[in-house]
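Working through the structure, step by step
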Amino acid sequence: MKKYGGWAGKVLRVNLSDRKISIEDTIEKYRDFLGGTGIGYKVFWDEVLPGTKPFDPENKIVFAVGPLAGTGAPCNGRTAITTLWPTCWPKALIGTGHMGGNFAAELKYAGYDAIIIEGKANKPVWISIVDEKVTINDAGHIWGQGIRRTTIELSRILGSEASVAAIGQAGENLVPMSVVMNSYSHSAGGVGAVMGSKNLKAIAVRGTGGISIAGNREEWERLIKYHLSLLGANNQHVVPNSPQPWAEFYDPASRWLASKGRAWGASSPVIETGPCDPRDLNRIAYRTNNAAFYLGEIAWKYTVRGSGCTGCPIRCHTMIKIPSAAAKYGIPEIGMNTCGGLNFGRSFFRNFPDGMRGLTNVEACMVGMHMADDYGIWCNYGQLQRDFQKLYYEGIIKNKLGEKEFKSYSWDKYEKGDPSFLFELLPRIAFKEGELGTALGLGTGAHLERWGLSESEWKKDPKLNYWKMGHPKHHSNEEVGQCGVIINTQYNRDAQCHSHTNFVRNGLPLEVQKRLAEEIWGTPDAVDGVGAYTPMNVGKARMAKWSLLRKELHDSLSLCNWMGPWVASPLKNRNYRGDDTIESMLYTLATGDRKSREELDLIAERIFLLHRAITIRDMNTKEMRKEHDTIPDWVFYDPQKRPVYTKGTIHLDPKDMELAMDMFYQEMGWDRTTGAPTYETYRKVGLEEVAKELKKRGLLP
Amino acid sequence: MIKYDENPANLSETRQYEDLSMAIVYKIREGSKAGRLYQKDEIYLELMGEDIQEGDDERRKAFEEALKRAIEEHSDIKEVPGAGGALFYYSEEYMGEPYVRLLLQKQGDPLLLIAETVRDNSASYPRPIPLNMFKNPPFDFSEEEIIECLRQMETKDLFRDIARTVTSAGTVFLYSTSHLTPDYASMLAEWFDVGQFENP
């Protein structure tokens, strides 16, 4: 068999029921699916029967990385975790969570591209992986502990360089809104309780090997530098947030915050971020400060440094030091995270005594972050907090709780924006204590059902961001019009796709974006200005397809889709072009398997279609357009009743969205009536066996 | 040719340049990297260690020749007139024309600087911009100065197109009514100030 670079070459299978540990050949079985979500979907199609429930022993969890994980490729720290999603409602379907940190690289250095977890241990266990030595160990001493203590305990055993992916009490207690987390602050939501259902507390990995790169070393290093030269700041924002000497453009909404006068005030000595000319590749890490971006200017003086994943210069996790939070609340004074983690605690509150960007907001961030990251509670992309606010301020919580339980919360503290309220709420979610804690931990869909509330009401409220199946939107019509809506119809949880938003939020003027759009999607009309939408066109359908395929490609290669694709750059001398072939160049050089952009996109389409096929099979319907690819009412609603396409509105026209779905299905080669892929489309991407199976089940259009 | 080392006031980081014109190039480039436009007398003072008005003719002449050569031999070194006709120097390798324009406007009428910046943003991106942006470099206005500028702008016809919108978080944004409708500006400001953080 041909020897490839990039991949570690082995997939580890651990059955917790019979404690059998086995090895499979990655290339032989999974090369056509690259890695990451590709391996995850392949395992679920082949091995997990329809009707399986998330907490059944028959459900599996696939931790998988791709051929670029642990290499020198920028932004390669992502681990994809595939399982039946416990917050997907009313029926659990396949989903993936994604964590950064050091787990992906460590897994590769230990010699594995994926771990398939199956069965259920008869008592709490943790899995130790030290290169070839894999053991299932008693977790009695760490069961009941938070993620932080678990990480420390297992690091004592495996050494400080090990990466520990652990669940907290929320996962142990089968709270669906729970995470698995590694490297202190890098989590994947929704997975914690599935691990808990298997009595699996943690996976700790230590690898001492390396990854071979198939291509010429100098060529590889040139490519890495080239890729680095195309990077912007977090989310591939390619212009700075304020005017800089070198910059032709700037955007106050950009996450490229570095500037003269802006400094990491809690570092010693204080470090000024400076202008950060994009040609200086050694200063990429100074560009982003997500604490300052989300918490406000006040965060600069508390910033210690940036942090992030293996191989990523962006450092989107910002470390902050807040002595007042430690003094007032008895929590560690240092914490770090990125968007969702930084916002976790503060987003429960509607106001703070010193304003939404004052010190109390920072303290609420710290309290929420430390508790959520230790108990292992998931926010479902902020839906937990939005639901909580609505339920409280509309009096629903009061109505649904008994008087005793309602009075056990300090609602006066909550209304005043006192972060100590979180000490009352979050433990009860993690431990399923009381009706409120239990209900919030279920996730939106099951929570609404439990309280007899109507999902259709949630779908009408634009402030809730709720989309469908228990989950919110993730970059939809608020910024990317019809393309964003299409993308949000496709998954069984929030879409987690950033290909489109990273383009429209990159900070370049609309005229430049349109020029780039014409080069990428064949027409400048593929993109509109935010809130200046125009009717659907084929460019938007192409952009939607491209965005989805790039997401799956990144999730399978272990490139970060929170950063890529890299089709725009900060470089004026390139007319702000990025490079749409960067993924294929990296893949080809790393693995030695020469693939053009188009060939790699075909693999991405195969992976995306396999997700579609599993969803169709497990829903047992081909009527995806009606039953799955649904759009909430608020997308078509404007509070001021302005006509669609009026500048300043983001609502869309239902008929135009029908056309949009038609055009998208056509681009994908799917049946327009049902929204299901055709036999020919499956065959074209190499999934003829899948098509045959679906045909047998009557699930082809 | 004057050897640069003959100058007692030379700066250690530029000792490597024997030729004065290279020292000038270096000085201008470093200034541009740091966001500074140089005037001739500032370069002279920093390199020659004396006021240009007080320098002897031979040294001044040598400096003028070196400056001329710096511009001729280095295509990135540019000369641009500011308000009042004074000449400024920068390296376009390290400083873009938009930033140069801001720096020159800054030396003129601050009201015009704010208005032109607002108009440019409203026209080309398009977007309103938060008032607080004018506290950052290269504007560096204080809160009081910004408020005073806005107060004065309200009284002048020249700035009638400059309007404000306030987000639900209380942040003030400015826009030009020549390029954005109030409705659109309001929506965009709300998106930049509130919406994007709720959609991280």
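Quantities reported herein were computed from a predicted structural model and do not represent experimental measurements.

About the criteria used
- Residues numbered from 1 in each chain as written.
- Chains lettered and ligands numbered in written order.
- Predicted model: local features only at pLDDT ≥ 70, side-chain atom pairs only at ≥ 80, totals over all residues.
- Contact = placed C-beta atoms within 7 Å.
- Helix = DSSP H or I, 4+ residues; strand = E, 2+ residues; numbered from the N terminus.
- Expected span 1.5 Å × (residues − 1).
- Buried ≥ 20, exposed ≤ 12 C-beta atoms within 10 Å, placed from the backbone.
- Domains from an automatic or database assignment.
- Nonpolar A, V, L, I, M, F, W, Y, C, P; charged D, E, K, R; others polar.
- Pairing = 2+ DSSP bridges.
- Axes fitted to C-alpha atoms, helices over the stretch in contact; angles between N-to-C directions.
- Core = buried A, V, L, I, M, F, W, Y, C linked by C-beta atoms within 7 Å.
- Left-handed = near helix turned anticlockwise from the far one by under 90°.
- Parallel < 35°, antiparallel > 145°, perpendicular 65-115°, else oblique.

What follows deals with the interface of chain A and chain B. Taken together, the contact between chain A and chain B spans 28 residues of the former and 33 residues of the latter. Mapped onto the side of chain A that touches chain B, the elements with two or more residues apiece are helix H10 (339–343) and helix H22 (510–521) of chain A.

What follows is about helix H27 (residues 654–668) of chain A. Residues and elements named next belong to chain A. Relative to the 21 Å expected for 15 residues at 1.5 Å per residue, H27 spans 21 Å between its end C-alpha atoms, a close match to the ideal helical length. When H27 is considered as a whole, its buried residues turn out to be Met657, Ala660, Met661, Met663, Phe664, Tyr665 and Met668. Residues of H27 that are buried in the fold lie against helix H20 (477–488), helix H23 (538–557) and helix H26 (624–627). Gly669 occupies a position one or two residues after H27 and carries a positive phi of about 75°.

Let us now look at the domain arrangement of chain A. All names here are of chain A. Domain assignment breaks chain A into domain 1 (10–206), domain 2 (218–453) and domain 3 (467–696). The C-alpha centroid of domain 3 is placed 27 Å from the C-alpha centroid of domain 2. Facing the 28 residues of domain 2 at the interface are 30 residues of domain 3. Sorting the residues of the side of domain 2 that touches domain 3 by element identifies helix H7 (217–230) and helix H18 (444–450) as the ones contributing at least two each. Sorting elements by how many residues they give to the side of domain 2 that touches domain 3 places H7 first, with six residues. A class-by-class count of the residues in the side of domain 2 that touches domain 3 yields 12 nonpolar, 13 polar and three charged.

With that out of the way, let us pick up the sheet that holds strand S15 (residues 303–307) of chain A. Residue and element names in this part refer to chain A. An order of S15-S16-S17 is seen for the three strands of this open sheet, with the pairing classed as antiparallel. Strands with a single pairing partner mark the edges of an open sheet, and in this sheet they are S15 and strand S17 (334–337). This sheet shows a mean twist of 20° between the axes of neighbouring strands, independent of strand direction. Summarising the sheet, strand S16 (residues 317–321) and S17 pair through four bridges and their orientation is antiparallel. Residue pairing in the sheet places Met319 in a bridge with Met336 of S17.

Looking at soluble globular proteins, one finds that nonpolar side chains tend to be buried together. Judged by nonpolar contacts, the single largest core of 273 residues is most densely connected at Ala114(A), Val180(A) and Ile24(B). Once residues lying within four places of it in the same chain are set aside, the contact partners of Ala114(A) are Val11(A), Ile39(A), Val62(A), Phe63(A), Ala64(A) and Val65(A). Core analysis: the second largest hydrophobic core is formed by five residues, Leu448(A), Trp458(A), Tyr466(A) and Trp467(A) among them.

What follows is about the domain arrangement of chain B. Segmenting chain B into domains produces domain 1 (4–96) and domain 2 (109–198). Distance from the C-alpha centre of domain 1 of chain B to the C-alpha centre of domain 2 of chain B: 36 Å.

Residues and elements named next belong to chain A. At a closest axis distance of 9 Å, the pairing of helix H2 (residues 36–47) and helix H25 (residues 597–619) adopts a crossing angle of 35°. Considering how the two elements wind past one another, H2 and H25 form a crossing that is left-handed. Counting all contacts with H2, which are made through Thr37, Gly38, Tyr41, Lys42, Phe44 and Trp45, the residues of H25 involved are Ile607, Leu610, His611, Ala613 and Ile614. Broken down by class, the residue content of the contact of H2 with H25 amounts to seven nonpolar, three polar and one charged.

Residue and element names in this part refer to chain A. For the pair H23 and H25, interaxial distance at closest approach is 8 Å and the crossing angle is 90°. Between H23 and H25, the angle falls in the class roughly perpendicular. Seen from H23, the contacting residues are Leu548, Leu549, Arg550, Glu552, Leu553 and Ser556; seen from H25, they are Leu600, Asp601, Ala604, Glu605, Ile607 and Phe608. Across the contact of H23 with H25, the residue classes tally to seven nonpolar, one polar and four charged.

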